[in-house]
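Structural characterization, general
The lines below spell out each chain.
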Amino acid sequence: LGNPDEQLRIIHVAGTNGKGSVCADLTAMLMEAGYHVGTFVSPHLVDVKERFLYDGKPADEADFSESFARVKAVTDEMMEKGYSHPTFFEFVFLMAMDLYGRKKPDFVVLETGLGGRLDATNLIIPIVSVITNIGLDHMALLGDTLPKIAAEKAGIIKKSIPVIIGEADARYNGVIEQAAAANKSRVI
């Protein structure tokens, strides 16, 4: 797809509780400041195009269809080379990167799907990472304690990229702060 994410100013949001609210608030604040904002969220409620917001509105049919066709062509080519078909989430994430790469919003607010470290969205390099409060979610995949789950969410922290964390919680903030220190990332 030509790495469209490298041309985007992305705010990456992970966590257990509040991801959707943080994404909605960031989108509203940036739009109020006069910026054009792409927002990728999940799940959708009625129509899959709800995942691909541009200035708070779902993608139109033409943009959605063009991104679908472009990602499908790349997927078909990769499968011919022996690669596995992407999951549904991976496919729609790639569509979002293609769509926003073509529309070029001022900012993209990007919500992780599940976890952080191994999430498809973790391929990008954001301008800032956000980790909301951590709770016991997806324990079969992320771990059976708050520190283990926090470590998975902290996997979105990138070298020298600031990270904003939710309310202080002694049960797991140390894990996030350690990951930030290891990446020389400022914690806010």
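Reading the values: the criteria
- Residues numbered from 1 in each chain as written.
- Predicted model: local features only at pLDDT ≥ 70, side-chain atom pairs only at ≥ 80, totals over all residues.
- Heavy atoms only, no water.
- Helix = DSSP H or I, 4+ residues; strand = E, 2+ residues; numbered from the N terminus.
- Expected span 1.5 Å × (residues − 1).
- Buried < 20%, exposed > 50% of the residue type's maximum accessible area, 1.4 Å probe, protein only.
- Arc of directions from axis to C-beta.
- Contact = heavy atoms within 4.5 Å.
- Salt bridge = Lys/Arg side-chain N within 4 Å of Asp/Glu carboxyl O.
- Core = buried A, V, L, I, M, F, W, Y, C linked by side-chain atoms within 4.5 Å.

1. Re helix 1 (residues 19-32)
Spanning 14 residues, helix 1 covers 20 Å between terminal C-alpha atoms, matching the ideal 20 Å at 1.5 Å per step. Those residues of helix 1 not exposed but buried are K19, C23, L26, T27 and L30. The arc enclosing the buried residues of helix 1, seen along the axis, measures out at 100°, which places them on a common side. Opposite its buried face, helix 1 presents the exposed residues M29 and E32, each directed more than 90 degrees away. On its buried face, helix 1 is in contact with strand 1 (10-14), strand 2 (37-40) and strand 5 (107-111). A positive phi of about 95° marks G34, the residue just after helix 1.

2. Some points on helix 3 (residues 88-103)
Taking 1.5 Å of rise per residue, 16 residues should cover 22 Å, and helix 3 covers 22 Å from first to last C-alpha, within 8% of that figure. Along helix 3, the positions that sit buried rather than exposed are F89, F91, V92, F93, M95, A96, M97, D98, L99, Y100 and G101. At its buried positions, helix 3 is contacted by strand 1, strand 2, strand 3 (52-54), helix 2 (61-80) and strand 5. Just downstream of helix 3 lies K104, where phi reads positive at about 55°.

3. Brief notes about the pattern of salt bridges
Scanning the entire structure with this criterion turns up 13 salt bridges. Ionic pairing is found between E66 and R102, a salt bridge with its closest N-O pair at 3.2 Å. Linking E66 in helix 2 with R102 in helix 3, this pair joins segments that are 36 residues apart in sequence. A relative accessible area of 38% means that E66 is categorised as partly exposed.

4. Focus: the nonpolar core
Of all hydrophobic cores here, the largest spans 20 residues; its most connected members are F40, F52, M97, Y100 and L110. Taken together, the elements giving at least two residues each to this core come down to helix 2, helix 3 and strand 5. No other element matches the 9 residues that helix 3 contributes to this core. Judged by nonpolar contacts, the second largest core, of 15 residues, contains I131, A150, A154 and I157.

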